[in-house]
Amino acid sequence: MSAPLLTVEHLSMRFGGLVAVNDVSFSAGRGDITALIGPNGAGKTTVFNCITGFYKPTVGRIALRHGEDIGQAELDRLTRRGERRLKRPGGALHLLERMPEHEVAEQARVARTFQNIRLFSGMTVLENLLVAQHNRLMLASGYTLLGVLGIGGYGRAERAAVEKAERWLEAIDLIDRADDPAGELPYGAQRKLEIARAMCTDPVLLCLDEPAAGLNPREKADLTSLIESIRSDHGTSVLLIEHDMSLIMKISDHIVVLDHGMLIADGTPDAVRHDPKVIAAYLGVAEHDVDKVKAEVAP
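Residues numbered from 1 in each chain as written. Predicted model: local features only at pLDDT ≥ 70, side-chain atom pairs only at ≥ 80, totals over all residues. Heavy atoms only, no water.

### Considering the overall build of the protein chain
Condition: By definition, any uninterrupted DSSP run of H or I lasting at least four residues is a helix, any uninterrupted run of E lasting at least two residues is a strand, and each is numbered from the N terminus. Any two residues having at least one pair of non-hydrogen atoms within 4.5 Å are treated as being in contact. Methods summary: accessible areas were calculated by the Shrake-Rupley approach with a probe of 1.4 Å, and residue burial reflects only the protein chains presented.
In terms of regular secondary structure, the protein chain is built from 13 helices and 11 strands. Considering only contacts within the protein chain whose residues lie at least 6 apart along the sequence, 65% involve residues at least 24 apart. As displayed, the protein chain has an accessible area near 14,300 Å², and 52% of this comes from carbon and sulfur atoms.

### Things to note about the sheet that holds strand 7 (residues 110–112)
Definition in use: The criterion for strand pairing is that DSSP finds at least two bridges linking the strands in question. With axes taken as lines fitted to C-alpha atoms, and helix axes fitted only over the stretch in contact, angles between N-to-C directions fall between 0 and 180 degrees.
What the six strands build is an open sheet, ordered 7-8-9-3-10-11; its pairing is mixed. Bordering the open sheet on either side are strand 7 and strand 11 (262–267), each of which pairs with just one other strand. When strand polarity is set aside, the average angle formed by the axes of neighbouring strands in this sheet is 15°. Note: strand 10 (residues 254–259) against strand 11, five bridges, orientation antiparallel. Counted as the bridge partner of Val256 is Asp266 from strand 11.

### Focus: the nonpolar core
Basically, it comes down to this: As used here, the term nonpolar core means buried Ala, Val, Leu, Ile, Met, Phe, Trp, Tyr and Cys residues forming a set that is joined through side-chain atoms within 4.5 Å. Each residue's exposure class comes from its accessible area (1.4 Å probe, protein chains only) as a fraction of the maximum for that residue type: buried when under 20%, exposed when over 50%, partly exposed otherwise. Domain delimitation in this document rests on an assignment produced automatically or drawn from a domain database.
By size, the foremost hydrophobic cluster in this structure holds 44 residues, and its most contacted members are Leu169, Leu193 and Leu240. Take this core: its biggest share by element is six residues, from helix 8 (residues 187–199). Each of domain 1 (1–109 + 205–299) and domain 2 (116–201) contributes no fewer than three residues to this core. Setting aside residues up to four positions removed in sequence, Leu193 forms contacts with Leu119, Val125, Asn128, Leu129, Leu169, Ile172, Leu174, Ala182 and Leu185. Judged by nonpolar contacts, the second largest core, of 30 residues, contains Val8, Val21, Val24 and Val110.

### Some details on the sheet that holds strand 5 (residues 85–88)
Spatial strand order, 2-1-4-6-5: five strands in an open sheet with antiparallel pairing. The two strands at the open ends of the sheet, each matched to only one other strand, are strand 2 (18–28) and strand 5. Averaged over neighbouring strand pairs, the angle between their axes works out to 15° when direction is ignored. Pairing of strand 5 with strand 6 (residues 91–95), which is carried by four bridges, proceeds in the antiparallel orientation. The residue of strand 6 that forms the bridge with Arg88 is Gly91.

### A word on the packing of aromatic side chains
Aromatic ring pairs are defined here through the distance separating the ring centres and the angle between the ring planes. Selection rule: Aromatic rings from Phe, Tyr and Trp, taking only the six-membered ring of Trp, are treated as a pair when their centres fall within 6.5 Å; an angle between ring planes under 30 degrees marks them as stacked, one over 60 as edge-to-face, and anything in between as tilted.
Enumeration according to the criterion identifies two aromatic pairs in this entry. On the basis of an interplanar angle of 75° and a centroid distance of 5.4 Å, the ring pair of Phe15 and Tyr55 is categorised as edge-to-face. On the criterion of sequence distance, the pair formed by Phe15 in strand 1 (residues 6–15) and Tyr55 in the loop between helix 1 (44–51) and strand 4 (59–67) is long-range, its members being 40 residues apart. Among the residues examined, Phe15 registers a relative accessible area of 36% and is labelled partly exposed.

### Observations concerning helix 9 (residues 217–234)
The periodicity of an α-helix, 3.6 residues per turn, causes residues three or four positions apart to be oriented the same way. Going by this rule: Multiplying 1.5 Å by the helix residue count minus one yields the expected span of that helix. Any pair of N or O atoms that falls within 3.5 Å is considered a polar contact. Within protein, one atom must be able to donate a hydrogen and the other to accept it, and sequence-neighbouring residues count only if both atoms are side-chain atoms.
Its 18 residues place the ends of helix 9 25 Å apart at the C-alpha level, agreeing with the 26 Å of an ideal helix rising 1.5 Å per residue. Of all the positions in helix 9, only Leu223, Thr224, Leu226, Ile227 and Ile230 are classed as buried. Its side-chain oxygen at 3.1 Å from the backbone nitrogen of Arg218, Asn216 defines the N-terminal cap of helix 9. Positive backbone phi, approximately 70°, marks Gly235, located one or two places after helix 9.

### Notes on the packing of helix 8 against helix 9
Defined as follows: When an angle is under 35 degrees it counts as roughly parallel; over 145 it counts as roughly antiparallel; between 65 and 115 it counts as roughly perpendicular; any other value is oblique. Crossing handedness follows the turn of the near helix against the far one: under a right angle anticlockwise gives a left-handed crossing, and clockwise gives a right-handed one. Each residue is assigned to one class: nonpolar for Ala, Val, Leu, Ile, Met, Phe, Trp, Tyr, Cys and Pro, charged for Asp, Glu, Lys and Arg, and polar for all the others, Gly among them.
Put simply, helix 8 and helix 9 touch, their axes get as near as 10 Å, and they point 10° apart. As summarised for this structure, helix 8 and helix 9 are arranged roughly parallel, according to the angle between their axes. Crossing of helix 8 over helix 9 shows right-handed handedness. Listed contacts from helix 9 to Gly188, Lys192, Ile195 and Met199 of helix 8 are Glu219, Asp222, Leu223, Leu226, Ile230 and His234. Looking at side-chain class alone, the contact of helix 8 with helix 9 contains five nonpolar, two polar and three charged residues.

### Brief notes about a negative patch on the surface
Which entries qualify depends on this criterion: Residues enter patches when their relative accessible area tops 30% and they take part in no salt bridge; the joining distance is 9 Å for like charges and 5 Å for the nonpolar side chains Val, Leu, Ile, Met, Phe, Trp and Tyr. Salt bridge criterion: a side-chain nitrogen from Lys or Arg within 4 Å of a carboxyl oxygen from Asp or Glu. Charged-residue counts in this description rest on Lys and Arg as positive and Asp and Glu as negative, His and the chain ends being excluded. Every charge is mapped to an atom, namely NZ of Lys, CZ of Arg, CG of Asp or CD of Glu.
On the surface, Glu163, Glu166, Glu170, Asp173, Asp176 and Asp222 cluster together into a patch of negative charge. With three residues, helix 7 (residues 154–171) is the single largest residue contributor to the negative patch. Structurally, the position occupied by Glu170 is in helix 7.

### Topic: the pattern of salt bridges
In this structure the tally under the stated criterion is 12 salt bridges. Glu9 serves as the salt-bridge partner of Arg61, at 2.7 Å between the closest nitrogen and oxygen. Of this pair, Arg61 sits in strand 4 while Glu9 sits in strand 1, and the two are 52 residues apart along the sequence. In this structure Arg61 comes out as buried when scored by relative accessible area, which is 13%. Here Arg85 makes a salt bridge to Glu103, at a shortest N to O gap of 2.6 Å. Linking Arg85 in strand 5 with Glu103 in helix 3 (residues 101–106), this pair joins segments that are 18 residues apart in sequence. Given the relative accessible area of 12%, Glu103 is considered buried.

Right under this line is the structure:
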């Protein structure tokens, strides 16, 4: 079997005396939709922030592989040498915990959305998708006036960026609102636009933080179709935090469950659905039954 795309090993994150994440290990497979669930305060967003470079973990290794498999021996050598990445024809290995946030996005190709929508509300819908391609356009401009003048390779790069943005607007049914300010879109449309903006960076791993929050049933159905198409049509692996269990159970290949910063379950949706620890911690056991269930599963 091929190595997973993302491997999180013994991840811990402390803020002073507070342990937000405690020795968590899991993996996300290539082309899989992996869900990270748990009660509020379980440490889910902290794990996301470590993966995407917002936080540097106190302890732990976060490895992301591109292309052909790079084995465990090479991963261990890279770790011992204190380096961030290993590149070779056909593959690359990135240690995300050692990389600054902008390199996680640009070089490791990890993109994310947030619990609270972070669009540029004063820019148009189209401009929000062009902003995601800023680095590519700046490179094509040679970081000079070539971009202002629109000469050289910049013109081609700009046309390609607009075409990509328009393809994504077609995919999320917003092409007719391309010139409208993003802040004027309905809430559900803003959610989809934020995901499309992340996809304009061509990620290998898309991290979605509560994408269904605040959506009505129809919007959730549209979101489900969008996430499934991102995986099937673009080959992008998805890691998501979500509290909507019907959505999670429908689209996930693999579920990781946290409680109080610790891993309590890791497996298929069916296995997690029936895990007594998950039921006790998250899925709604009556309060007077929680102690009994925990006692039954205690080692």
